[in-house]
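Structural characterization, general
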Amino acid sequence: MSPFERKFGKYAIRNLSFVLVICYAVGYLLQMMDRSNTLIFYLTLDPYAILHGQVWRLVTWILIPPPSGNIFFMLLMMYFYCSIGTTLERTWGTYRYNVYLFQGMLFTIAGSFLLMAFQYIFNREGIAMSGPEYYFLISSLFFSTYYVNMSIFLAFAATFPDVQVLLMFIIPIKVKWLGVIYAVMLLFDFFQSSVDGKFAIAASLLNFVVFFVTSRNMMHLNPKQIHRRQEFKRDVRRNTGITKHKCAICGRTEVDSPQLQFRFCSKCDGNYEYCEEHLYTHTHVRKS
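**Considering the overall build of the protein**
Helix and strand content of the protein: 12 helices and 4 strands. When burial is assessed residue by residue, the protein has 38% of its 288 residues classed as buried. Only carbon and sulfur atoms are counted for the fraction: they give 65% of the accessible area of the protein, which is about 17,700 Å².

Listed below in structure tokens is the structure:
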């Protein structure tokens, strides 16, 4: 991911968890104002409707918050996910946390389209279908942000396994055991749910599987060690990396400032390259 991070890291969204919580808050307000759920219906992730022009659903489904019992649990849930998401962003870095979260959303969207294709070919009895009956409107009960949030918690449990939390505000328990409990619950839900639920769970949690596989060599490290290792790797690449351009005045390279443009000066005697800030302000080099 390092070359991509150098190229696209500047576009990463800071405090992405807070942005996601704001989206949930907007979704809760819409649900409170729209008791008939008419508006919410047009915001859900429905691949059939997307293919027929309602492309806004590719984004608006993020507004639909996970189900909660009352406003107290809603506020508690939003604070909890904002807190653990911000902690992960500080530990991993903004770019990597953005990749993890958006990857989960993209997998969820892809899973909804795969489920529609499955429903197009087979019905629940496995018989080929024809006519308009094969269209299946993906329910927000399955393809929502619930499992995406669950993947955030699982990543937090894998990164901070020994952090203690108060279960039900009373019982101290390490996060890794909560992660194990949730993982068992998800496996149970996967095997007990319908085909729709299986597609939703598998697609939404695939980003955690990718994260676990690619980060298994760091699981024994604590968050400070992980952060220190990432900083060390960046410093090594910055100090020992081979660069193509270097300003003869300030010494900056394309690694230090990817947005800079470098040019050779035709009026200098020799191959002297300058950044855009010093190309027209430097003193020309003369041999005599």
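Resuming the write-up.
**Thoughts on unusual backbone geometry**
Although it is not a glycine, Asn-15 adopts a positive phi angle of roughly 55 degrees. Mapped onto the fold, Asn-15 is located in the loop between α1 (2–8) and α2 (16–33). Overall, Asn-15 belongs to the partly exposed group, its relative accessible area being 46%.

**Things to note about a nonpolar patch on the surface**
There is a patch of nonpolar side chains on the surface, built from Ile-71, Phe-72, Phe-73, Leu-75 and Leu-76 and spanning about 490 Å² of accessible area. Relative to the helices and strands, Phe-73 resides in helix α6 (residues 71–92).

**Regarding the nonpolar core**
Counting 44 residues, the largest nonpolar core has Leu-88 and Leu-101 as the members making the most contacts within it. If you list the elements that add at least two residues to this core, you get α2, α6, α7 (94–121), α8 (146–159), α9 (175–192), α10 (195–204) and α11 (206–214). Look past the residues within four positions of Leu-88 in its chain and what remains in contact with it is Gly-93, Tyr-97, Ile-152, Ala-155, Phe-156, Thr-159 and Phe-160. One finds Cys-247, Cys-265, Cys-268 and Tyr-274 within the second-largest nonpolar core, a separate group that totals 8 residues.

**Describing the packing of α9 against α10**
Two elements in contact, α9 and α10, have axes separated by 7 Å at closest approach and are oriented at 145 degrees. Contacts between α9 and α10 involve Leu-186, Asp-189, Phe-190 and Phe-191 from the former and Lys-198, Ile-201 and Ala-202 from the latter. For the contact of α9 with α10, the residue count by class is 5 nonpolar, no polar and 2 charged.

**A word on the confidence of the model for the protein**
Residues with a pLDDT of 70 or more make up 80% of the protein, whose mean pLDDT is 77. Put simply, helix α12 (residues 223–240) is where the protein has its lowest mean pLDDT, 61, and helix α5 (residues 57–60) is where it has its highest, 88. Low pLDDT (under 50) marks residues 124–140, which in the prediction has 31 contacts with non-local residues, meaning those over four places away or in another chain.

**Comments concerning the side chain of Thr-44**
Relative to the assigned elements, Thr-44 resides in the loop between α3 (38–41) and α4 (47–51). The buried category is assigned to Thr-44, whose relative accessible area is 8%. Among the polar contacts made by the side chain of Thr-44, one reaches the main-chain carbonyl oxygen of Phe-41 at a distance of 3.0 Å.

**A short note on the packing of aromatic side chains**
In the structure shown here, the tally under the stated rule is 8 aromatic pairs. With centroids separated by 5.0 Å and ring planes inclined at 75 degrees, the aromatic side chains of Phe-153 and Tyr-182 adopt a geometry described as edge-to-face. Separated by 29 residues along the polypeptide, Phe-153 in helix α8 and Tyr-182 in helix α9 bring together distant segments of the chain. Residue class for Phe-153 comes out buried when judged on its relative accessible area of 5%. Three or more aromatic residues joined by ring pairs form one cluster here, namely Phe-80, Tyr-81, Phe-153 and Tyr-182. Note that Arg-57 overlies the ring of Phe-41, its terminal NZ or CZ placed 5.5 Å from the centroid.

Rules and cut-offs
Residues numbered from 1 in each chain as written. Predicted model: local features only at pLDDT ≥ 70, side-chain atom pairs only at ≥ 80, totals over all residues. Heavy atoms only, no water. Helix = DSSP H or I, 4+ residues; strand = E, 2+ residues; numbered from the N terminus. Buried < 20%, exposed > 50% of the residue type's maximum accessible area, 1.4 Å probe, protein only. Areas by Shrake-Rupley, 256 points an atom, 1.4 Å probe, with all protein chains shown as cover. Patch = residues over 30% accessible without salt bridge, like charges linked within 9 Å, V, L, I, M, F, W, Y side chains within 5 Å. Salt bridge = Lys/Arg side-chain N within 4 Å of Asp/Glu carboxyl O. Core = buried A, V, L, I, M, F, W, Y, C linked by side-chain atoms within 4.5 Å. Contact = heavy atoms within 4.5 Å. Axes fitted to C-alpha atoms, helices over the stretch in contact; angles between N-to-C directions. Nonpolar A, V, L, I, M, F, W, Y, C, P; charged D, E, K, R; others polar. pLDDT = per-residue confidence, 0-100. Polar contact = N/O pair within 3.5 Å; in protein donor to acceptor, adjacent residues only side chain to side chain. Phe/Tyr/Trp six-rings, centres within 6.5 Å; stacked < 30°, edge-to-face > 60°. Lys NZ or Arg CZ within 6 Å of the ring centre and 35° of its normal.

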